[in-house]
Amino acid sequence: MIVLPLFFILFFFGYFNPEYDIKLYIGNVVGDGEVRMNLSAPRAYDYYYDLYAPLNSKTETVIVDNVHYDVEAFAFIFSSVSEMDLLRYEVRWLGFLVAQIDFKNILPPGDYERVIFSPSGDGQGVHALIKNPESDFTLKVRINYVPLWMWAVYWISMIIVTILLSVGLGIVLDHVHVIYFPLASLSAITATILAGIFFCRSFADAEYISLLLNIFLLFGITVILWAISTPLIGTFIAMVGALLYYIANYFIILFRGRPVMPADFAAINTAKEVAGGYTLVPSWQMILGVVVCIIYLVWLIFINKTICRHDSKLSLKNNIIRRAIAFATGAAIVFICISNSFFAHINSSAWDNMALLNFHKNGMLLTFFKYAKYSNVDTPEGYNREIVNSYLDTYRNSPEENNEESGIQPTNIIMVMNEAFSDLRTSGMDDRIDVMPFIDSLQENTLEGKLYVSVIGGGTCNTEFEALTGNSLSFLGVGAYPYSQHVNNKLFSLASYFESIGYISNAFHANEAKNWNRDKVYPLLGFEKFYALDDYPETDEDDYLHGYLSDKTNYLFLEDIIEQNSGKERFSFNVTMQNHSGYDSWDNIDQDESVMDYGAELARDAQVYLSLIKASDDAVKQLVEKYKDSDEPTMIIFFGDHQPALSYDAGVEIYGDELTPISLQNTKFFIWTNYESDMEHGTSISANFLPLLVLERGNFTLPPYIKMLKDVHEKYPIITSAVIMDDEGNSYSNISEILDDPLIRMYQYVQYANLFDEIDPAWFEISQSN
């Protein structure tokens, strides 16, 4: 038992990882184009291989090397070709043919939406006539092509070799008692990590070096725990802690498509509040992994009896020395594991999809330590208060634009952040699905487009933070939650701005007040009153959709509070809950006709989600029509906080091969007024520039801070933690790529002063000359 996990890692991950080669046979290609490929596996993202093979009349084969063993489906994407013969594909392992599939057996002849399949001229395969050669044609094959006999041969050989070596090493260890328990503890730690990556489905991705570093990192922590407790207790704490962390990751990845980040621990209370919306059912892999860990713990208890008898004979002095040595040894192991070149080059991208890939590829502990390192907000290089004050002088002394005289100022401002609202047509969804007809119909007096955000599937408070304050998550490190970590003092926001010019600023949230720490944060942002779910009037079953208060009911209460303050200038910020994840039931939801007519190929959770969006569209219609003919100038700002966390099958159907931050991290927004205002469509901005857009659109005077945002926005209209784009269309994956730009450096300095240092209040004040 001591060496079984160690030898398993040596062979499976180190030298005999089962990877395959795929060879596609084609012929009679008409046109000059190319073929790309992606492979799908059950871990919430796809593999994208560097396959960009040219296609022409001479092309006969396309080869993809080193395909992971757990791939469940693959897709060839053909471009700029009109016809071809699809003959067969082969699967090889170590050069040996293990499977051969003829396309004529899996592609039935017929006239499909984008292609016509018919028997090939020589009868060897299928002829594909592509209806629109200018559009990509994707051939998806979902099949388990690894034969059972291959797995039987592989695992039998692995088990035999491992047992033989284990028995031989076990005989040697029987005569070396001093290292018996440390090796047993290392083996139990290894078994725990193997169990975790097994039920989190990381086996195919895990790299040998990273896996070893994870094992020794956890073992180093274990040895430190020995020093402050006992070897058995230290090992027990390390194993249970790691196992619970893997279990938490399993469910977070399942529902949100991202691993647990260090900052998530600061948001643990909100996580418990929203967990009621999910069904937490352990998989059989998880149950098996837990059972294996329990077996190892019981085994360690028996081994420890001998160790305890030996330790009881140690003097106090020797016991202290032994604990000191254990602590120093454990600390040295941890230091070595996180101070090497491999750790230094681990990707720390904040994009959820990349974080998930890092989790599978680099392991639980390495990923956690890497993100923890970058989650702290250090003082920016070259920062000091004098520089920030010099920026202020520039904007305070700049020519003023008296917007009060340039147009109507709304006296009733309603800002709605709609939970998980997005227009998936912009990310690849078929436009036959029409779930927002009213929002689409808004033309006059409307500015609308894409809102780029820093989160996906969750992290609502982060979009809210950016949209209210103008600050950017891109400067705050990976996995940051400012509401839980950084907002501890009064902070500029749209609420504080409107409060300073005489408006009543109220916040509304159709759930618990303590979610994302809002009950403490909202007063610091300048909200006069916060209406949480307990403050809403008594409701009945019809007021709820999907287990949450419906948007319609939510807006009716909002309208009632606005009416109670009639005659006063008001800013109302509303956070909805109706569309919150998970989407596993039709709880009081009307099935949208366009969704259900699309066909059974659309996964059920996508059907539920899209029908919820239709209900949101209906509620927006009621809200807009409430104020359409009002004599009071009214502005409604509406936006989604993030795209939904959908199942793997739904993602494949909706996004296709467009799984990129640009397609995944944008939502819908619009600004509508009931009075004449400019019509703009197709605008793309990021959430941190919404305060600028709202104040400019409302003809309000801009304080120096917003003027600075305006300068940044003109050059970089999109700045998120995962997507950055300049005015020329160039994209960047990380803010560090543009920190040399004085505009970005200024933005970073001012934000740091605002959140973590002292900043002159004049940054947020309107000049008295206006």
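Residues numbered from 1 in each chain as written. Predicted model: local features only at pLDDT ≥ 70, side-chain atom pairs only at ≥ 80, totals over all residues. Heavy atoms only, no water.

When its secondary structure is counted, the chain shows 25 helices and 24 strands. Looking at the 770 residues of the chain, the share that counts as buried comes to 57%. Across the chain, every contact between residues at least 6 apart in sequence was considered, and the portion connecting residues at least 24 apart equals 76%. For the chain, the exposed surface amounts to about 32800 Å²; the carbon and sulfur share of it is 55%. (Helix = DSSP H or I, 4+ residues; strand = E, 2+ residues; numbered from the N terminus. Buried < 20%, exposed > 50% of the residue type's maximum accessible area, 1.4 Å probe, protein only. Contact = heavy atoms within 4.5 Å. Areas by Shrake-Rupley, 256 points an atom, 1.4 Å probe, with all protein chains shown as cover.)

Here we come to a negative patch on the surface. Residues Glu538, Asp540, Glu541, Asp542 and Asp587 make up a contiguous surface patch of negative charge. As for its placement among the helices and strands, glutamate 538 is situated in the loop between strand 15 (529-531) and strand 16 (544-545). Since its relative accessible area comes to 81%, glutamate 538 is described here as exposed. (Patch = residues over 30% accessible without salt bridge, like charges linked within 9 Å, V, L, I, M, F, W, Y side chains within 5 Å. Salt bridge = Lys/Arg side-chain N within 4 Å of Asp/Glu carboxyl O. Lys, Arg positive; Asp, Glu negative; His and termini not counted. Charge placed at Lys NZ, Arg CZ, Asp CG, Glu CD.)

Per the counting criterion, the structure on display carries 42 aromatic pairs. Ring geometry for tyrosine 296 and tryptophan 299: centres 5.5 Å apart, planes at 90°, overall edge-to-face. Taken together, the positions of tyrosine 296 and tryptophan 299, both in helix 7 (residues 284-311) and three residues apart, correspond to about one turn of that helix. Each member of the pair, tyrosine 296 together with tryptophan 299, is buried. Within the aromatic cluster, the residues linked to one another by ring pairs are Tyr497, Phe498, Tyr503, Tyr522, Phe527, Phe530, Phe571, Phe573 and Phe700. The ring of tyrosine 25 has arginine 88 sitting right over it, with the charged end atom 3.8 Å from the ring centre. (Phe/Tyr/Trp six-rings, centres within 6.5 Å; stacked < 30°, edge-to-face > 60°. Lys NZ or Arg CZ within 6 Å of the ring centre and 35° of its normal.)

Per the counting criterion, the structure on display carries 18 salt bridges. Residue glutamate 207 pairs with lysine 361 through a salt bridge whose shortest N-O separation is 3.6 Å. One end of the pair, glutamate 207, is in the loop between helix 3 (180-199) and helix 4 (208-228); the other, lysine 361, is in helix 10 (residues 352-362), and 154 residues separate them in sequence. When its relative accessible area of 28% is taken as the criterion, glutamate 207 is described as partly exposed. Aspartate 430 is the salt-bridge partner of arginine 432, the closest N and O atoms lying 3.0 Å from each other. What emerges from the salt-bridge pattern is a single network uniting Arg88, Glu90 and Arg92.

Right, let's get into helix 23 (residues 690-697). Taken across its eight residues, helix 23 has seven buried, putting it largely inside the fold. Residues Leu690, Pro691, Leu692, Leu693, Val694, Leu695 and Arg697 constitute the buried set of helix 23. A positive phi of about 60° marks asparagine 699, the residue just after helix 23.

Here we take up the environment of lysine 305. You can see lysine 305 is positioned in helix 7. By relative accessible area, which is 46% here, lysine 305 ends up partly exposed. Expressed as a C-alpha distance, the spacing of lysine 305 and leucine 232, which sit 73 residues apart in the sequence, is 9.8 Å.

In this section: empty space enclosed by the protein. Going through the model one piece at a time under the given rule, you end up with two cavities of 30 Å³ or more. Each pocket or cavity is described by its volume, and for the second largest cavity that value is around 50 Å³. Every element with two or more residues in the lining of the second largest cavity is listed here: helix 3, helix 4 and helix 10. Of the residues contributing to the lining of the second largest cavity, the split by class is five nonpolar, five polar and two charged. (1 Å grid on protein atoms, 1.4 Å probe; cavity = no way out; pocket = protein on both sides within 12 Å on 5 of 7 lines; lining within 4 Å. Points joined across faces, edges and corners; volume = space filled by probe spheres on them. Nonpolar A, V, L, I, M, F, W, Y, C, P; charged D, E, K, R; others polar.)

The subject of this paragraph is helix 14 (residues 460-469). Counting buried residues in helix 14 gives 10 out of 10 residues, a clear majority hidden from the surface. Residues of helix 14 that are buried include every one of Thr460, Cys461, Asn462, Thr463, Glu464, Phe465, Glu466, Ala467, Leu468 and Thr469, and no others. One or two steps after helix 14, the chain reaches glycine 470, where phi turns positive at roughly 80°.

Moving on, we get to the sheet that holds strand 13 (residues 446-452). By definition, the strands of a sheet pair up through backbone hydrogen bonds, in either a parallel or an antiparallel sense. Pairing in this open sheet of eight strands is mixed, and the strands run 15-14-18-12-19-20-13-21 from one edge to the other. Two strands in the sheet have a free side with no partner beyond their single neighbour: strand 15 and strand 21 (680-686). Direction aside, the axes of adjacent strands within the sheet are offset by 15° on average. Here strand 14 (residues 504-509) runs beside strand 18 (residues 570-575); their pairing, made up of six bridges, is parallel. Its bridge partner lying in strand 18, histidine 509 is registered against valine 575. (Pairing = 2+ DSSP bridges. Axes fitted to C-alpha atoms, helices over the stretch in contact; angles between N-to-C directions.)

Take the pairing of strand 13 next. Summarising burial for strand 13: six of the seven residues are buried, a large majority. Note: strand 13 against strand 20 (residues 666-673), seven bridges, orientation antiparallel. Bridging across to strand 20, leucine 451 finds its partner in threonine 667. Alignment of strand 13 against strand 21, held across six bridges, turns out to be parallel. When the sheet's bridge partners are listed, leucine 447 is paired in strand 21 with glutamate 680.

Here we have three strands laid out as an open sheet, ordered 22-23-24, and antiparallel in their pairing. Two strands close off the open sheet at either side, each with one partner strand: strand 22 (718-719) and strand 24 (731-732). Two elements, strand 23 (residues 724-725) and strand 24, share two bridges in a ladder whose sense is antiparallel. Along strand 24, the bridge assignment pairs methionine 725 with serine 731.

Let us now look at the environment of serine 566. Here serine 566 shows up in the loop between helix 18 (551-564) and strand 18. Taking the relative accessible area as the measure of exposure, serine 566 reaches 48% and is therefore partly exposed. In this structure the C-alpha to C-alpha distance between serine 566 and asparagine 412, which are 154 residues apart in sequence, comes to 9.2 Å.

So, on to a nonpolar patch on the surface. Residues Leu4, Trp155, Ile159, Ile163, Val167 and Ile171 make up a contiguous nonpolar surface patch of about 520 Å² in total accessible area. The element contributing the most residues to the nonpolar patch is helix 2 (residues 148-173), with five residues. Relative to the helices and strands, isoleucine 163 is located in helix 2.

Quick look at the nonpolar core now. Ranked by size, the top nonpolar core spans 103 residues in total, and within it Phe13, Phe78, Leu86, Tyr89, Phe103, Phe117 and Leu139 carry the most contacts. Looking at which element gives the most residues to this core, the answer is helix 5 (residues 231-256), with 12 residues. Beyond its immediate sequence surroundings of up to four residues, phenylalanine 103 is in contact with Leu24, Leu86, Leu87, Arg88, Tyr89, Val126, Leu139 and Val141. Ala507, Ile671, Ala687 and Tyr747 belong to the second-largest nonpolar core, a separate cluster that totals 79 residues. (Core = buried A, V, L, I, M, F, W, Y, C linked by side-chain atoms within 4.5 Å.)

Time to look at the packing of helix 14 against helix 17 (residues 518-525). Packed helix pairs are characterised by how far apart their axes lie and by the angle those axes make with each other. Viewed as axis vectors pointing N to C, helix 14 and helix 17 meet at an angle of 5°, and their least axial separation amounts to 13 Å. One way to sum up the angle between helix 14 and helix 17 is to call them roughly parallel. Counting all contacts with helix 14, which are made through Thr460, Glu464, Leu468 and Thr469, the residues of helix 17 involved are Arg518, Tyr522 and Leu525. Classifying every residue of the contact of helix 14 with helix 17 by side-chain character gives three nonpolar, two polar and two charged. (Parallel < 35°, antiparallel > 145°, perpendicular 65-115°, else oblique.)

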